[in-house]
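What follows is the residue order along each chain.
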Amino acid sequence: GNLFFDPATGDVLICDNDNVAASGIDNSSVYGTPRFMAPEIVRGKAKPSRETDLFSLAVLLFYMFMLGHPLEGKLEADIKCMDIHAMNKLYGTHPVFVFDPADKSNRPVKGYQDNVLIFWDLYPQALKDLFTESFTTGLNAPNKRITEKVWLKTFANLMTGIIECPKCGAEVFYDAEKTAIQVAHTCWGCGRGKHGSYNYNPTGHI
């Protein structure tokens, strides 16, 4: 399906809405893109539900922020033929988050999956922690997936903590954890900040 969002009104429109049913009442086969479905659906062990939707939401958000897929790193780059068996393994039976802190086997490949490598370090740790939880614990524990409320709170804090780069004026996301360990905020516009830090303490965090 496709979602259209009107930023002026907040209205959301849905089209091409196949394979949609209320939780627990769809007894038909599920067809869709394995890249966006929860692993348990790809494996054929579950039907669409709120929990599987939360996984798909996390994938979509990762795509929006990182311009890449959370499960497509070296393991995807090494696939010679992306057939149904390869997709079932990558997205269903053996999914590995590209930044899994305990498993480095699927790190993004430089020169092939550069977007994720570039964008990951530009966001605050709080957002990266949610993605890490979504694609480590959340891979196999549907009841522990990040809810919409938690995502929205994190996004609100993200927006209230924007820093303006003193050199180029680009907007940079404030990261409290970087400040705590005295690591500089790097501007994604001009690169400033690698050897210095912004003197800014945002307010309004919730």
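Please read these numbers as outputs of a predicted model, since none were measured by experiment.

How each quantity is defined
Residues numbered from 1 in each chain as written. Predicted model: local features only at pLDDT ≥ 70, side-chain atom pairs only at ≥ 80, totals over all residues. Heavy atoms only, no water. Helix = DSSP H or I, 4+ residues; strand = E, 2+ residues; numbered from the N terminus. Expected span 1.5 Å × (residues − 1). Contact = heavy atoms within 4.5 Å. Salt bridge = Lys/Arg side-chain N within 4 Å of Asp/Glu carboxyl O. Buried < 20%, exposed > 50% of the residue type's maximum accessible area, 1.4 Å probe, protein only. pLDDT = per-residue confidence, 0-100. Core = buried A, V, L, I, M, F, W, Y, C linked by side-chain atoms within 4.5 Å.

## A short note on helix α8 (residues 148–160)
Working step 1: Spanning 13 residues, α8 covers 18 Å between terminal C-alpha atoms, matching the ideal 18 Å at 1.5 Å per step.
Working step 2: Contact partners of the buried residues in α8: α2 (50–66), α6 (125–134), β3 (162–164) and β4 (171–173).

## Let's talk about the pattern of salt bridges
Working step 1: Under the definition given, this model contains five salt bridges.
Working step 2: The closest approach of N and O atoms between Lys 74 and Asp 78, which form a salt bridge, is 2.6 Å.
Working step 3: On the basis of relative accessibility, which here comes to 41%, the residue Lys 74 falls in the partly exposed class.
Working step 4: Judged by relative accessible area, Asp 78 falls into the partly exposed class, the value being 40%.
Working step 5: We note a salt bridge from Asp 121 to Lys 128, for which the minimum N-O separation is 3.8 Å.
Working step 6: Judged by its relative accessible area of 47%, Asp 121 is partly exposed.

## A short note on the confidence of the model for the protein chain
Working step 1: Taken over all residues, the pLDDT of the protein chain has a mean of 84, while the share at 70 or more is 80%.
Working step 2: Confidence over residues 194–206 falls short of pLDDT 50; this stretch has 31 contacts with residues more than four positions distant or in other chains.

## A short note on the side chain of Glu 40
Working step 1: In this structure, Glu 40 sits in helix α1 (residues 39–42).
Working step 2: For Glu 40, a relative accessible area of 7% puts it in the buried group.
Working step 3: Sequence-distant contacts of Glu 40, defined by excluding residues within four places in its chain, comprise Lys 45, Ala 46, Thr 52, Leu 139, Pro 142 and Arg 145.

## Comments concerning the nonpolar core
Working step 1: Formed by 31 residues in total, the largest nonpolar core has its most connected members in Phe 62, Phe 131 and Trp 151.
Working step 2: Contributions of two or more residues to this core are made by α1, α2, α4 (84–93), α5 (114–120), α6 and α8.
Working step 3: The leading source of residues in this core is α2, at seven residues.
Working step 4: Formed by six residues, the second largest nonpolar core is a distinct cluster that contains Cys 165, Ala 170, Val 172 and Cys 187.

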